[in-house]
Structures are given as C-alpha cells and as structure tokens.
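Residue strings, one per chain:
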Amino acid sequence: NANGEPDRLLVMDNDAPLEIGITDYFMWTQGSDIVVVGNHVANSTREHIIRVYDVDRLAVIDNEMSNISRQDEGDQYDIAKGVVTNQKGQYSYIEGNTMHGPSGVGPLGFGDGLGDKQARFKHAVFANNMVYDDTFYIRHGAQNVTVRGNVLDGNGRSAIYIDSYQNDYQRGVIDVVIDENTAYNDEITGNFVYVGKDIDGLT
C-alpha cells in the first residue's frame, strides 16, 4: 500500500500464486519513481492488480499478472478487473509483461470519476506485452499514449479500445500512437482497434 506517496519504491520478485490469495489490490501505486519488476500474481478476487493513482514516473516490467473471473466457480463478485490501470498521474512505462485480463490508461469515468473531472494521465507507453483474454483501454482523459509491439490475444472483443470524448467531463483522448501490434481473434465479432468519437490525434 503506497498511499503514503513514497519517493523511490521498488517492488520486486514477489509471488502471489493462489487465485483466491489476494482479495484487495496487489499494489496500490502512488508516489514517484516506482519500479515494479519480476512479480507473479495469479488473481485478485475484488480489485485491480496494480492501480495507479497520483504517480509521477512508474515502470512495470517483466511481471506475470492475471485478473480473472471466477463467477463460473460460484464467486459472483470475482470479475476480471484491471491488471494495470493507469488512472491518474504522468510518465508510465509498461513493458515485457504477461497479462491475463484488461489493462489501460486514463482516469475513472462513467459516474465514478465525476468528483475529479480534472484528472488526467499523461505520457504512457505500453510496449512488448502479451495480453490474453481481454482489451487494452485508452480512456477519456488519457494524453500522449503509445501502444507498441504488443501481442493481444482475445476473442470476440476489441484488442485496443479508445474512448470517445465525454461532454460530462469535458475531456477526451489526446495523441495516441498505435504501432506494430498483433491481435488474434478466432471469432467473427470484435475489432483490432475500436476508435470512439472526436479523438484529438491518432497515428
């Protein structure tokens, strides 16, 4: 729990091997100059694996992390929440991870973020990751995001999803680069990239 906003934090080589072993976040990530490397996390039954909030400079490298649904096993509240969710801050570098479940960049939306409409995440790189079973989301309020060299394996869904501009928040997605990614889909529905309305800069 890094809600004390540490400066220079290293989280390395931890193992959470049980699908029911963690009921909260593996890591609440807040502060500056944070490195998360070489960890293995099988699941969180209620929360994201790594939730990023008010962070200045973060690297998440060479981890194996899953956030799976266990509803079919009788736990109706264990849904596939985020693996790495970069919600608020700046400078995030996510590289070389193996992920089962959704990840993304951008602040809370829908009704959850109305108390902080000014929230943004600026400057994020998502590179050379292997993503299974879900989508990489770029939410409104994300700025300067590069998605490069990833392999995304998820059937019947969008591999990469870019939000539309949201009038309620007066914010959208600004400057996205999508480069040299590969997506697998064995079903007849789904998209490689879904692009919402009024994106301000997409390469």
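Residues numbered from 1 in each chain as written. Predicted model: local features only at pLDDT ≥ 70, side-chain atom pairs only at ≥ 80, totals over all residues. Heavy atoms only, no water.

A. Here's a closer look at the pattern of salt bridges. Under the defined criterion, the tally for this structure stands at 11 salt bridges. Between D56 and R57 there is a salt bridge, and its shortest N-O distance comes to 3.2 Å. Salt-bridge contacts for R70 lead to E73; the nearest nitrogen and oxygen are separated by 3.6 Å. The class of E73 is exposed, set by a relative accessible area of 55%. (Salt bridge = Lys/Arg side-chain N within 4 Å of Asp/Glu carboxyl O. Buried < 20%, exposed > 50% of the residue type's maximum accessible area, 1.4 Å probe, protein only.)

B. Up close: the pairing of strand β15 (residues 158-162). β15 sits mainly inside the fold: four of its five residues count as buried. Taken together, the three bridges between strand β12 (residues 136-138) and β15 define a ladder with parallel strand orientation. The residue of β15 that forms the bridge with F136 is I160. In this sheet, strand β18 (residues 191-195) lies alongside β15 in parallel orientation, the contact comprising four bridges. Note that in β18 the partner of I162 across the bridge is V195. (Helix = DSSP H or I, 4+ residues; strand = E, 2+ residues; numbered from the N terminus. Pairing = 2+ DSSP bridges.)

C. Quick look at the packing of aromatic side chains. The tally for this structure, following the rule as stated, stands at five aromatic pairs. Considering the side-chain rings of Y137 and Y161, the 5.7 Å spacing of their centres and the 55° angle between planes classify their relative orientation as tilted. Of this pair, Y137 sits in strand β12 while Y161 sits in strand β15, and the two are 24 residues apart along the sequence. By relative accessible area, Y137 is classed as partly exposed at 22%. Since its relative accessible area comes to 25%, Y161 is described here as partly exposed. Pairing Y161 with Y194 gives two aromatic rings, centres 4.6 Å apart and planes at 15°, and the pair type is stacked. A residue pair is termed long-range when its members are at least 10 positions apart, and Y161 in strand β15 and Y194 in strand β18 qualify at 33 residues. Ring-pair connections join several aromatic residues into one group, and the members of that group are Y25, W28 and Y53. (Phe/Tyr/Trp six-rings, centres within 6.5 Å; stacked < 30°, edge-to-face > 60°.)

D. Molecular detail of unusual backbone geometry. Unusually for a residue other than glycine, R57 sits at a positive phi of about 80°. The topology assignment puts R57 in strand β5 (residues 50-61).

E. Region of interest: the side chain of Q143. Positionally, Q143 belongs in strand β13 (residues 142-148). The contacts of Q143, once residues within four sequence positions are left out, are R120, F121, K122, H123, I174 and D175. (Contact = heavy atoms within 4.5 Å.)

F. Geometry of the nonpolar core. By size, the foremost hydrophobic cluster in this structure holds 36 residues, and its most contacted members are I50, M65, V84 and I138. Breaking this core down by element, the ones donating at least two residues are β3 (27-37), β5, β7 (84-95), β10 (121-127), β12, β13, β15 and β16 (174-179). Among the elements that make up this core, the one with the highest residue count is β5 (five residues). Setting aside residues no more than four positions away along its own chain, I50 makes contact with F26, M27, T29, V36, V60, M65, V83, V84 and T85. (Core = buried A, V, L, I, M, F, W, Y, C linked by side-chain atoms within 4.5 Å.)

G. Structural context of the sheet that holds strand β6 (residues 64-66). With respect to topology, seven strands assemble into an open sheet ordered β2-β4-β6-β8-β11-β14-β17, the strand pairing being parallel. The sheet terminates laterally at β2 (15-16) and β17 (182-184), the two strands that pair on one side only. Across two bridges, strand β4 (residues 40-41) lies against β6 in parallel orientation. Considered in β6, the bridge of V41 is made with M65.

H. Molecular detail of the side chain of N181. For N181, the position within the fold is in the loop between β16 and β17. For N181, a relative accessible area of 12% puts it in the buried group. Within the structure, the side chain of N181 is placed 2.9 Å from the backbone oxygen of V147, a separation counted as a polar contact. Look past the residues within four positions of N181 in its chain and what remains in contact with it is V147, R148, G149, N150, L152, I160 and F192. (Polar contact = N/O pair within 3.5 Å; in protein donor to acceptor, adjacent residues only side chain to side chain.)

By themselves, these figures tell us nothing about what the structure is for.
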